[in-house]
Amino acid sequence: TESRDGYARSTRRIVFALRRNDQLRRRVLDGSLTPTALATLDEEALAPPAVAQRRADDRSRLAKRVGARPSTLPEVDAFECPRCGARRAYVANATHGGSVDRAHILARCLECGRGW
């Protein structure tokens, strides 16, 4: 049943993306994106352009704040956003004043953009 759950989860993710992303839907309808290729797309590729841009901007801002490159920031589902309840966020470690004793985890929600 694990593979069936994964299949159902992937199907819901794709259907949701096709409803929200006009460009993705057009690519599927005109045949430039095959069903096989659609099934292999990740969250970033399925996101509408405005959402993908916001996520990229959030990664850049968070990376500047903690001194890391955006590509090095991991995406996790270990935290719940206090604003929207989503469980997907970019995270980074930050220290204050160079002290390891005062280290913090900075997170930014992928859905609403709230940082905490």
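Residues numbered from 1 in each chain as written. Predicted model: local features only at pLDDT ≥ 70, side-chain atom pairs only at ≥ 80, totals over all residues. Heavy atoms only, no water.

Asks: Would you take a moment to explain the confidence of the model for the chain for this structure?
Replies: Detailed reading of the predicted coordinates is not advisable wherever pLDDT falls low. Averaged over all residues, the pLDDT of the chain is 82; the fraction at 70 or higher stands at 84%. Put simply, strand β3 (residues 99-109) is where the chain has its lowest mean pLDDT, 71, and helix α2 (residues 22-29) is where it has its highest, 94. (pLDDT = per-residue confidence, 0-100. Helix = DSSP H or I, 4+ residues; strand = E, 2+ residues; numbered from the N terminus.)

Asks: When you look at the layout of surface pockets in this model, what are you seeing that I'm missing?
Replies: To locate leftover empty space, one rolls a probe as large as a water molecule over the atoms. Estimates place the volume of the largest pocket at around 320 Å³. What lines the largest pocket is a set of 15 residues, among which Phe16, Arg20, Glu43, Arg88 and Glu111 lie closest to the centre. Contributions of two or more residues to the lining of the largest pocket are made by α1 (2-20) and α4 (43-46). Of all the elements, α1 adds the most residues to the lining of the largest pocket, at six residues. Among the residues making up the lining of the largest pocket, the classes are represented as six nonpolar, no polar and nine charged. (1 Å grid on protein atoms, 1.4 Å probe; cavity = no way out; pocket = protein on both sides within 12 Å on 5 of 7 lines; lining within 4 Å. Points joined across faces, edges and corners; volume = space filled by probe spheres on them. Nonpolar A, V, L, I, M, F, W, Y, C, P; charged D, E, K, R; others polar.)

Asks: What is the right way to look at the pattern of salt bridges in this model?
Replies: When the charged atoms of two side chains lie near each other, side chains of opposite charge can form a pair. Counted according to the given criterion, the structure contains five salt bridges. In this structure, glutamate 43 engages arginine 13 in a salt bridge whose closest nitrogen and oxygen atoms are separated by 3.5 Å. Taken together, the residues span a long stretch of sequence, with glutamate 43 in helix α4 and arginine 13 in helix α1 at a distance of 30 residues. One salt bridge connects glutamate 44 with arginine 55, and the closest N-O pair in it is separated by 3.6 Å. Taken together, the residues span a long stretch of sequence, with glutamate 44 in helix α4 and arginine 55 in helix α5 (residues 49-66) at a distance of eleven residues. (Salt bridge = Lys/Arg side-chain N within 4 Å of Asp/Glu carboxyl O.)

Asks: Please clarify how the environment of arginine 54 should be interpreted in this entry.
Replies: Topologically, arginine 54 is positioned in helix α5. With relative accessibility at 28%, the residue arginine 54 sits in the partly exposed group. As for arginine 54 and cysteine 112, which are separated by 58 residues in sequence, their C-alpha atoms are 9.4 Å apart. Those residues within four positions of arginine 54 in sequence are excluded, and the remaining contacts are Leu110, Glu111, Cys112 and Gly113. (Buried < 20%, exposed > 50% of the residue type's maximum accessible area, 1.4 Å probe, protein only. Contact = heavy atoms within 4.5 Å.)

Asks: Sorry, what's going on with the side chain of arginine 108 here?
Replies: Its place among the elements puts arginine 108 in strand β3. Of the buried charged residues, arginine 108 lacks a salt bridge, with aspartate 58 as the closest side chain of opposite charge at 4.2 Å. Ignoring sequence-local partners within four residues, the contact set of arginine 108 consists of Asp58, Leu62, Arg88, Ala89, Tyr90, Gly113, Arg114, Gly115 and Trp116. (Lys, Arg positive; Asp, Glu negative; His and termini not counted.)

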